Amino acid sequence: MTGAPEFELVSVVHLVRPAGIEVHDLEELRQALERVPERALFHHTAGRLLRHPATDELPPDDISGWVAGVVQDRETAERMSFAVESSRSAEPMRAALIEVLNSVPLKDRTAHDAPPGGDLVFLTAESVPIPTGDRIQDARELIEHLAEADASVWFYHLIEQPWSSPDRAPLDDWLRSHGAARLAETLFQTAHTGRPLEDIRQRVLRRWRFNRLGQRVAAAAGSTEKERLEAGREAMTRLVRRMNQPGDET
Amino acid sequence: MSLVAVREDGPALLDGYRAVIGDGPIRTLEGLARRLRDRRLVMVNSTATGGGVAEILHRLVRLLNELGVSTSWEVMSGDPRFYGITKTLHNRLHGAAGKFQHDDYDYFHEVNRRAARELQLDGDLILIHDPQPAPLVQHRRRPGQHWLWRCHIDLSRAGEDAWDLIAPSVALYDSAVFSHVEFVPPLATPSYLVPPSIDPLSDKNRELSDEEMDALLEPFDLPRKPWVTQVSRFDRLKDPVGVVDAFKLARRQVDAHLVLAGGSADDDPEGAEVLAEVQARAHGRNDITILSLPPDAHLVINALQRRSTIVLQKSLREGFALTVSEALWKRRAVIASAVGGIPLQILHERTGLLTRSIEGCAYQITRALRSPPLRRRMGAEGREHVRDNFLHPREARDYLAVFARLLGMGV
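Residues numbered from 1 in each chain as written. Chains lettered and ligands numbered in written order. Predicted model: local features only at pLDDT ≥ 70, side-chain atom pairs only at ≥ 80, totals over all residues. Heavy atoms only, no water.

Enquirer: Give a description of the overall build of chain B that names residues and reports values.
Expert: Across its full length, chain B holds 16 helices and 13 strands. Taken over the C-alpha trace, chain B has a radius of gyration of 22 Å; the compact-globule value for 411 residues is 22 Å, and the two agree within 12%. Principal axes of the C-alpha set define a box for chain B whose edges measure 65 × 55 × 35 Å. Counting across all 411 residues of chain B, residues that qualify as buried make up 57%. (Helix = DSSP H or I, 4+ residues; strand = E, 2+ residues; numbered from the N terminus. Rg over C-alpha atoms; globule rule 2.2 N^0.38 Å. Buried < 20%, exposed > 50% of the residue type's maximum accessible area, 1.4 Å probe, protein only.)

Right under this line is the structure:
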């Protein structure tokens, strides 16, 4: 086992600022996408997960949402949504979005514009990471803390850090160096399904509990008859205690 | 000039907010506050009572102290002449009519200079609210301090004369904060966007029992029909006449009762004029009730919003329109104009319905009245949207984050 013995969980606050770029039609959008800062792309796409952590269904990213709802070019908007959902970091996303817009004829790019007051104003987000003080030593502790953590903790480690360091996020690295590659895979794969953060939390925790149950069953299968009987008696005692004291969750 | 003593009795705000938004966001707030515990924060505005800013400060100052960030609140006062100038300044910054006298500029700065001598501004972090005390930074900034200007008003149509009065001061701040991107003037100072927020624990927004609501609304004798309600002062920009027209169109299709509830117009000549126009437009209709409420009728407004089937905010122009968040927090179906800060609160078809015309408003009233599932779905999502984005702890968190950033924390 290598790597730092502890890993501190961090939450994050995004401070939003005007990016100084405003677009009126699809051609201006194409030109703006070539120069818009990475953090602005981040705010308008990945950032919406943190703005709507508990929604049943995420609204579209701000850019394709504007193309669909304001410019009312639904076909281009659909293709841009797909480009956003398929990219995990800024530059591939930028290239994919520009490619979609390049495929729209120039005359259509200028014809498809916003009504007065409907221009897309780009914003950018500065991150203020906040150490939570929760230091974990292994995978079990990580899940225990994540179960209770703010959505911004999930966002920071599973969405924002991979966006900034596409090769491998620090939490991913740490888990793998602590023999928890499978958990790392589950966490990061689930996080990149484009689901709302609360949904990601529920799925990861369900899967973790299911796997833990599997491990306990497997461990029990390898124990002696006496150990199994003893475990059964303890489980029965706990059940009876809970039935007699319904308010006592212990 | 005075220091405001914030009430600290009653249960801890932090516990109340924790019960509303959960432990996670409060822990983030506490984590941020821990990083600023050795700093002293001073808030400054120009009134301790009345108005949204004072209302927010009473809560925020107490909350920040509970979090361990030592925070005091200073109020800058003036004389009638100063208030006359700041009233003109306020109106002109909103783009309304008004004219400064030739020596107003000097007097405005003179009062600020005097305030700079008298106010306790020895904190590490100074948060100045709105234009009246903006020049304090010119007269009182000390080395090592970080000054932040929080502008609560819409500057998108600011008159040049008014902006010129405060722009040189604003340029001296380390950062400025605005409620909405459209309100940000051309400015070299780094600007952040921090939307305002509502207090879920206040009389205007707290949960009410059925008995309380019955008692609060009983004097108005409103009929047992679905209520369509707009709560706004009688101001042309809130378009109360347009609300009556939209309701009349909708009534051709559905049965409902319109409630227009606004502040008392006794001390506002224009308000009285608008109220008269609305009354004339609604003349002879027994399906419209116009209520003129006193400024402290928070519980009545709360009950009205909670008992309404639909809440409207059909404004022609808006600042942020927190009445929208208030109604969303109460799980109401909200139909509102796509102006100012409203589209941040109403995500069309998800947390509410945006309209751009009288006919559009009438159509959405009809549609929402006919569809309880639509109202339930939008109401549920609207409440969560407000919980995540428009409650006081989020605003407190954002201010602390701006200060953390100014102090060099962050990426």
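The discussion continues.
Enquirer: So what's going on with the overall build of chain A? Residues and values would help.
Expert: For chain A, the count of helices and strands is 13 helices and 2 strands. For chain A, buried positions account for 47% of its 250 residues. Within chain A, residue pairs in contact and separated by at least 24 positions form 76% of the contacts whose partners lie at least 6 positions apart. (Contact = heavy atoms within 4.5 Å.)

Enquirer: Could you give me a rundown of the pairing of strand β11 (residues 310-313) of chain B, with the residues and numbers involved?
Expert: Residues and elements named next belong to chain B. Here β11 shows two buried faces, one formed by Ile-310 and Leu-312 and the other by Val-311 and Gln-313. One ladder, built from 3 bridges, connects strand β8 (residues 227-231) with β11; its direction is parallel. Paired with Gln-230 across the two strands is Leu-312, which belongs to β11. When β11 meets strand β12 (residues 333-337), the two strands line up parallel, connected through 4 bridges. Bridging across to β12, Val-311 finds its partner in Val-334. This β-α-β element, β11 to helix α12 (residues 322-329) to β12, shows right-handed connectivity. (Pairing = 2+ DSSP bridges. Right-handed = clockwise from strand over helix to strand, strands pointing away.)

Enquirer: Can you tell me about the interface of chain A and chain B, naming the residues and giving the values?
Expert: Size of an interface: often given as the accessible area lost when the parts come together. Every contact between the two is made by 27 residues of chain A and, on the other side, 29 residues of chain B. Of the roughly 2200 Å² buried where chain A meets chain B, counting both sides, 58% is carbon and sulfur surface. A salt bridge links Arg-27 of chain B to Asp-134 of chain A; its shortest N-O distance comes to 2.6 Å. Counting every contact that joins chain A to chain B gives 13 residue pairs in polar contact (both at pLDDT 80 or more). (Buried area = accessible area lost by both parts, 1.4 Å probe. Salt bridge = Lys/Arg side-chain N within 4 Å of Asp/Glu carboxyl O. Polar contact = N/O pair within 3.5 Å; in protein donor to acceptor, adjacent residues only side chain to side chain.)

Enquirer: Requested: an account of the nonpolar core, with residues and values cited.
Expert: Counting 65 residues, the largest nonpolar core has Leu-29, Leu-33, Phe-122 and Leu-187 of chain A as the members making the most contacts within it. Per-element accounting of this core gives the leading share, 8 residues, to helix α9 (residues 151-164) of chain A. Apart from the residues within four sequence positions on either side, Phe-122 of chain A is in contact with Pro-18, Ala-19, Gly-20, Ile-21, Val-23, Leu-29, Ala-32, Leu-33, Val-36, His-44 and Ile-63 of chain A. Ranked by size, the runner-up nonpolar core spans 62 residues in total, among them Val-6, Val-53, Ala-327 and Val-334 of chain B. (Core = buried A, V, L, I, M, F, W, Y, C linked by side-chain atoms within 4.5 Å.)

Enquirer: So what about α12 of chain B? Which residues, and what values?
Expert: Given 3.6 residues to a turn, an α-helix orients residues that are three or four positions apart in the same direction. Residue and element names in this part refer to chain B. For α12, a buried count of 6 out of 8 residues is recorded, marking the element as mostly surrounded by other parts of the structure. Within the span of α12, buried status applies to Val-324, Ser-325, Glu-326, Ala-327, Leu-328 and Trp-329. Positive backbone phi, at 65°, marks Arg-331, one or two positions downstream of α12.

Enquirer: So what's going on with unusual backbone geometry? Residues and values would help.
Expert: All names here are of chain B. Look at Asp-130: it is not a glycine, yet its phi comes out positive at around 70°. The topology assignment puts Asp-130 in the loop between β4 (125-129) and α6 (136-140). Phi is positive for Arg-331, which is not a glycine, with a value near 65°.

Enquirer: So what's going on with the packing of helix α10 (residues 170-177) of chain A against helix α11 (residues 181-191) of chain A? Which residues, and what values?
Expert: All names here are of chain A. It is at 7 Å that the axes of α10 and α11 come closest, and there the two elements cross at 155°. The orientation of α10 with respect to α11, classified from their angle, is roughly antiparallel. On the side of α10, the interface is formed by Leu-171, Asp-172, Leu-175 and Arg-176, while α11 contributes Ala-181, Leu-183, Ala-184, Glu-185, Leu-187 and Phe-188. (Axes fitted to C-alpha atoms, helices over the stretch in contact; angles between N-to-C directions. Parallel < 35°, antiparallel > 145°, perpendicular 65-115°, else oblique.)

Enquirer: I'd like a rundown of the packing of aromatic side chains, residues and numbers included.
Expert: Counted by the stated rule, this structure contains 8 aromatic pairs over all chains. Summarising the aromatic geometry, the rings of Phe-7 of chain A and Trp-174 of chain A are spaced 5.7 Å apart at their centres and angled 45° between planes, so their arrangement reads as tilted. You can see Phe-7 of chain A sitting in strand β1 (residues 7-23) and its partner Trp-174 of chain A sitting in helix α10, a full 167 residues away along the chain. Here Phe-7 of chain A matches Trp-174 of chain A in class, with each residue buried. Here the aromatic residues Phe-42, Phe-155 and Trp-163 of chain A are joined through ring pairs into a cluster of three or more. Just above the ring of Tyr-107 of chain B sits the side chain of Arg-81 of chain B; from NZ or CZ to the centre is 4.3 Å. Taking the ring centre of Trp-329 of chain B as reference, the NZ or CZ of Arg-383 of chain B above it sits at 3.8 Å. (Phe/Tyr/Trp six-rings, centres within 6.5 Å; stacked < 30°, edge-to-face > 60°. Lys NZ or Arg CZ within 6 Å of the ring centre and 35° of its normal.)

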